[in-house]
Amino acid sequence: MGSAELRYVYSMLFTCSALLMPILTMRMLSEDMRQKTDQVLLTAPIGLFSLLMGKFLAALLVYVIAISITLVYALVLSVFVSLNWAVIISSYFGILLLGAALIAVGMFISSLTESQLVAAIVTVVVDVALLLVDSLASLMPTTSLQNLIMGLSMADHYGNFTMGILDFADAFFFLSIIALFIFLTSRVLEKRRWG
């Protein structure tokens, strides 16, 4: 685009992360159920939280390695122009939080089914719905409903990071989603353990 602005790259990472996350998360728990190895995991002498955090952090590490490749863009551009590294660091912090939230959502969906394909399709549908929350807000008749729905928008919260704004409310939003879906996944596994 004739500009040294990397904000567009980080904006595209939002869409790419949402659409590629189902591939990363579809086997997290559904494969264990399909092969019946979940019983071994559920009866192992570790807590459910440790089990889930191990799977979550492993997926997050793969995600971090994948997005770290985009640092090459910044390094190459920094040779030719002066970059605003605060915006770049803020964007990486935001994409890390976004990825962690999408991994938690995908892990929860994976815990609900034995089929990897079903887990992937449902995760794609949920991620696309999360992408379209902004469009849904614009269809609301009142501004209070629009504000409520925009408060649930991952794109809106992530967009602040790409502009270099480190807002605690945006970080808390993503951390809340992570905590909620890890908790819901633990409830699903706890029910399976005793059910």
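Keep in mind the model is a prediction, meaning the values are calculated, not measured.

**Student:** Could you give an account of the overall build of the chain, naming the residues involved and the relevant values?
**Tutor:** In terms of helices and strands, the chain carries 11 helices and 0 strands. Ordered by position from N to C terminus, the α and β elements of the chain give α-α-α-α-α-α-α-α-α-α-α. Judged by the C-alpha coordinates and their principal axes, the chain covers about 55 × 45 × 30 Å. Counting all 195 residues of the chain, 41% fall into the buried class. Nonlocal contacts in the chain, meaning residues at least 24 apart in sequence, comprise 76% of its contacts between residues at least 6 apart. In the chain, the 9 positive side-chain charges and the 11 negative ones have mean positions that sit 13 Å from each other.

**Student:** How would you summarise the pattern of salt bridges if you had to cite specific residues and measurements?
**Tutor:** On inspection of all chains with the given rule, the structure shows 4 salt bridges. Glutamate 114 serves as the salt-bridge partner of lysine 36, at 3.5 Å between the closest nitrogen and oxygen. With lysine 36 in the loop between helix H2 (30-34) and helix H3 (38-43) and glutamate 114 in the loop between helix H6 (85-110) and helix H7 (116-131), the pair connects residues that are 78 residues apart, well separated along the chain. Taken together, the shared-partner salt bridges in this structure form one network comprising Arg27, Glu31 and Arg34.

**Student:** Explain the nonpolar core to me, using residue names and the numbers behind them.
**Tutor:** Counting residues in hydrophobic clusters, the biggest one holds 47 residues, and the most contacted among them are Phe56, Ile95, Leu98, Ile103, Met154, Tyr158 and Phe174. Only helix H1 (7-25), helix H4 (48-68), H6, H7, helix H10 (154-162) and helix H11 (168-194) provide two or more residues apiece to this core. Among the elements that take part in this core, H6 stands out by supplying 14 residues, more than any other. In contact with tyrosine 158, not counting residues within four places along its chain, are Tyr10, Ser11, Leu13, Phe14, Ser91, Gly94, Ile95, Leu98 and Phe174.

**Student:** If you had to explain empty space enclosed by the protein to someone new, which residues and values would you point to?
**Tutor:** Within this structure, the stated rule accounts for 1 cavity of 30 Å³ or more. What lines the largest cavity is Leu29, Asp32, Met33, Asp38, Leu41, Leu42, Leu51, Leu189 and Arg192. The element contributing the most residues to the lining of the largest cavity is H3, with 3 residues. Across the lining of the largest cavity, the residue classes break down as 6 nonpolar, no polar and 3 charged.

**Student:** Please give an account of the environment of valine 72 that cites residues and values.
**Tutor:** Inspection of the secondary structure puts valine 72 in helix H5 (residues 71-80). On the accessibility criterion, valine 72 (46% relative accessible area) is partly exposed.

**Student:** Which residues make up the layout of surface pockets, and what values do they have?
**Tutor:** Considered as a void within the structure, the largest pocket measures approximately 230 Å³ in volume. Lining the largest pocket are Leu13, Cys16, Ser17, Leu20, Met21, Leu24, Val62, Tyr63, Ala66, Ile67 and Thr70. Among the elements of the structure, H1 and H4 are those that each provide at least two residues to the lining of the largest pocket. Top element by residues in the lining of the largest pocket is H1. It accounts for 6 residues. Here the lining of the largest pocket is composed, by residue class, of 9 nonpolar, 2 polar and no charged.

**Student:** An account of H10 is requested, with residue identities and associated values reported.
**Tutor:** The buried fraction of H10 amounts to 7 of the 9 residues, a majority that puts the element mostly inside the structure. Among all positions of H10, only Met154, Ala155, His157, Tyr158, Gly159, Phe161 and Thr162 are buried. N-cap assignment for H10: the residue whose side-chain oxygen lies 3.4 Å from the backbone N of alanine 155 is serine 153. Directly beyond the C-terminal end of H10, a positive phi value near 85° is found at glycine 164.

**Student:** Lay out the packing of H6 against H7 in plain terms, naming residues and giving numbers.
**Tutor:** Two numbers describe how H6 lies on H7: the axes approach to 9 Å, and their chain directions differ by 140°. As judged from the angle between their axes, H6 and H7 are oblique. Crossing geometry of H6 relative to H7 is assigned as right-handed. Along its contact with H6, which presents Leu102, Val105, Gly106, Ile109 and Ser110, the element H7 presents Ala119, Val122, Thr123, Val126, Asp127 and Leu130. Among the residues forming the contact of H6 with H7, the class breakdown is 7 nonpolar, 3 polar and 1 charged.

Scoring rules and cut-offs
Residues numbered from 1 in each chain as written. Predicted model: local features only at pLDDT ≥ 70, side-chain atom pairs only at ≥ 80, totals over all residues. Heavy atoms only, no water. Helix = DSSP H or I, 4+ residues; strand = E, 2+ residues; numbered from the N terminus. Buried < 20%, exposed > 50% of the residue type's maximum accessible area, 1.4 Å probe, protein only. Contact = heavy atoms within 4.5 Å. Lys, Arg positive; Asp, Glu negative; His and termini not counted. Charge placed at Lys NZ, Arg CZ, Asp CG, Glu CD. Salt bridge = Lys/Arg side-chain N within 4 Å of Asp/Glu carboxyl O. Core = buried A, V, L, I, M, F, W, Y, C linked by side-chain atoms within 4.5 Å. 1 Å grid on protein atoms, 1.4 Å probe; cavity = no way out; pocket = protein on both sides within 12 Å on 5 of 7 lines; lining within 4 Å. Points joined across faces, edges and corners; volume = space filled by probe spheres on them. Nonpolar A, V, L, I, M, F, W, Y, C, P; charged D, E, K, R; others polar. Polar contact = N/O pair within 3.5 Å; in protein donor to acceptor, adjacent residues only side chain to side chain. Axes fitted to C-alpha atoms, helices over the stretch in contact; angles between N-to-C directions. Parallel < 35°, antiparallel > 145°, perpendicular 65-115°, else oblique. Left-handed = near helix turned anticlockwise from the far one by under 90°.

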